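# Overview (structure and organization)
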Amino acid sequence: MRKILTVVGARPQFIKAAVVSRVLRVTPGVREVLVHTGQHYDDNMSQVFFEELDIPEPDYHLGIGGGSHGQNTGRMLEAIEKVLINERPHLVLVYGDTDSTLAGALAASKLHIPVAHVEAGLRSFNRRMPEEINRVLTDHISNLLFAPTEQAVQNLLREGLPMSAIHWVGDVMYDAALYYGEKAERYSQILQRLNLPPKRYVLATVHRAENTDDPVRLRVILEALVRVHQEVPVVFPVHPRTRKRAEAYGLQGLLDKVLSLEPVGYLDMAMLEKNARLIATDSGGVQKEAFFYGVPCVTLRDETEWVELVELGWNVVYPPLDVEVVVDALLRQWEGAKASPYGEGTAGTRIATIVANGF
Ligand code: UD1
Ligand code: UDP
């Protein structure tokens, strides 16, 4: 029996791991041990994904979250090491670029346990981002590098990583969007609940440290969203980090001037994305989902790792430095993003509802 130990901890990792775990669970001769570091801990940042995406209960829950990078990574390293000594897996599987990713990879490599990194080779070339440090270090101590894009493969080769370790496999988030996106159509009621007309609103998410920990950038983003909301509805599921920072900087009043929500589950998020006319985000995952669902995207950052989307013209990058520039960008992209001439694929339901209600 081959034992694979998966380390997850943050929202996007639950989604990525759900895709691989679903296959591992039905693969003969394999047993997966799931470790949740606790980096994300609110129910709507963690539990909801386990329920909606049918992820088994973690075998270990380390309960480590809410600290600084050093605290989180250090405490996770110590706790994961204990689990690894206890479990002795054949391989440790880590995802993405969070502090949980680095802690898992580092703990394993020091115990000479092979590491596999899903979403290897992504680079922003901005070493001020905590994620960039996590990715680079994780790639360099991994034995198997699962790259989502051709560009990621090139990045790894340029850094001297061996071709034999690199596997171009595509992006697990695309698998997730295909599999659960369809489920979202059946189960999510969020459009009805919020009374949102399809293709007539902007969906926004913001959580990157460089945007939330800088009061000037956070103010620019929130003021721009408020201004855009005066023209077209802005729906904004707010990451807990962003809410806390907005409160600390006295900006929470701005959150009340758009349609701000608590973080939503994956199925509701997929539905909000599919039906948005435009997405404004600093999230890596949401940029890609915008593309998967055919929705234009404005990325509120200085750069992006997902350069293909910019080259394809699907994504435009605007550093949030000036309210006017961001408002202009969003409204211009909104105008350019015409709603589909054939509706939203809901004609059948609409007809049936009208007919069933006797006109
Ligand atoms: C982390 C990842 C980031 C990823 C993001 C996904 C790192 C360095 N960053 O950023 O790459 O894009 O997750 O969402 O690992 N908080 C809560 N409740 C929660 C989770 C967080 O209140 O359930 C608050 C806490 O105050 C916490 C803060 O948010 O200290 C930041 O959380 P943390 O996990 O350190 O970083 P994220 O910004 O979520
Ligand atoms: N997401 C979600 N609910 C939300 C916001 C995001 O389910 O309220 C999903 C989103 O669809 C994507 C993932 O979380 O699949 C992206 O995670 P996040 O933006 O936190 O991190 P990143 O991708 O930037 O690392």
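Just so you know, these numbers come straight off a predicted model, no measurement behind them.

About the criteria used
Residues numbered from 1 in each chain as written. Chains lettered and ligands numbered in written order. Predicted model: local features only at pLDDT ≥ 70, side-chain atom pairs only at ≥ 80, totals over all residues. Heavy atoms only, no water. Helix = DSSP H or I, 4+ residues; strand = E, 2+ residues; numbered from the N terminus. Buried < 20%, exposed > 50% of the residue type's maximum accessible area, 1.4 Å probe, protein only. Pairing = 2+ DSSP bridges. Axes fitted to C-alpha atoms, helices over the stretch in contact; angles between N-to-C directions. Contact = heavy atoms within 4.5 Å. Phe/Tyr/Trp six-rings, centres within 6.5 Å; stacked < 30°, edge-to-face > 60°. Lys NZ or Arg CZ within 6 Å of the ring centre and 35° of its normal. Salt bridge = Lys/Arg side-chain N within 4 Å of Asp/Glu carboxyl O. Patch = residues over 30% accessible without salt bridge, like charges linked within 9 Å, V, L, I, M, F, W, Y side chains within 5 Å. Areas by Shrake-Rupley, 256 points an atom, 1.4 Å probe, with all protein chains shown as cover. Lys, Arg positive; Asp, Glu negative; His and termini not counted. Charge placed at Lys NZ, Arg CZ, Asp CG, Glu CD. Core = buried A, V, L, I, M, F, W, Y, C linked by side-chain atoms within 4.5 Å. Near = heavy atom within 4 Å. Polar contact = N/O pair within 3.5 Å; in protein donor to acceptor, adjacent residues only side chain to side chain.

## Let's talk about unusual backbone geometry
- Positive phi is not limited to glycine here, since H112 has a value of about 60°.
- For H112, the position within the fold is in the loop between α4 (99-110) and β5 (115-118).
- Judged by relative accessible area, H112 falls into the exposed class, the value being 71%.
- Positive phi is not limited to glycine here, since N195 has a value of about 55°.
- Here N195 is to be found in the loop between α8 (190-194) and β8 (202-205).

## Quick look at the sheet that holds strand β9 (residues 234-237)
- Spatial ordering of the open sheet is given by β10-β9-β8-β11-β12-β13, a layout of six strands whose pairing is parallel. Every interior strand has two partners, whereas the edge strands, β10 (259-261) and β13 (315-317), have only one. Across the sheet, the mean angle separating the axes of adjacent strands is 20° when strand polarity is ignored.
- Note that strand β12 (residues 297-299) and β13 share three bridges and pair parallel. Counted as the bridge partner of V298 is V316 from β13.
- This element, helix α13 (residues 266-275), spans β8, β9, β10 and β11 (278-281) of the sheet and lies at about 135° to β8.

## Observations regarding the packing of aromatic side chains
- Tallying each qualifying case throughout the model produces seven aromatic pairs.
- Judged by centre distance (6.4 Å) and plane angle (35°), the rings of F14 and F49 are tilted. With F14 in helix α1 (residues 11-24) and F49 in helix α2 (residues 47-52), the pair connects residues that are 35 residues apart, well separated along the chain. When sorted by exposure, F14 lands in the same class as F49, which is buried.
- Ring-pair connections join several aromatic residues into one group, and the members of that group are Y174, F291, F292 and W314.
- The lysine or arginine in question, R22, covers the ring of Y179, its NZ or CZ lying 3.6 Å from the ring centre.
- Across the ring face of W334, the terminal group of R277 is positioned such that the distance to the ring centre comes to 4.5 Å.

## Overview of the pattern of salt bridges
- Scanning the entire structure with this criterion turns up 24 salt bridges.
- One salt bridge in this structure joins K183 and D54, with 3.5 Å as the shortest N-O distance. Of this pair, K183 sits in helix α7 (residues 172-187) while D54 sits in the loop between α2 and β3 (60-61); the two residues are 129 residues apart in sequence, bridging distant segments of the chain.
- K183 sits in the buried class, given a relative accessible area of 17%.
- A single network of salt bridges, built from pairs that share partners, joins D97, E132, R135, E210, R301, E303 and E305.

## Brief notes about a negative patch on the surface
- A contiguous patch of negative charge on the surface is contributed by D42, D43, E51 and E57.
- Within the secondary structure, D43 is located in the loop between β2 (30-36) and α2.

## So, the nonpolar core
- In this structure, L53, Y201, L203, Y266, L272 and I279 are the most contacted members of the largest nonpolar core, which totals 46 residues.
- Apart from residues lying up to four places away in sequence, L203 is in contact with V235, P237, M269, L272, E273, A276, L278, I279 and A280.
- Among the nonpolar cores identified, the runner-up in size contains 31 residues, and I221, F236, L255 and Y318 belong to it.

## Overview of the site of ligand 2
- The local shell around ligand 2 holds 19 residues, among which R208, V264, S283, G285 and E289 are the closest.
- For ligand 2, an oxygen atom lies 3.4 Å from a polar atom in the side chain of H207.
- E289 places a polar side-chain atom, nitrogen or oxygen, 2.5 Å from an oxygen atom of ligand 2.
- Protein chains bury 95% of the 540 Å² of accessible surface belonging to ligand 2 in isolation.
- When residues of the shell around ligand 2 are traced back to their parent elements, those giving at least two are α1, α13 and α14 (284-292).

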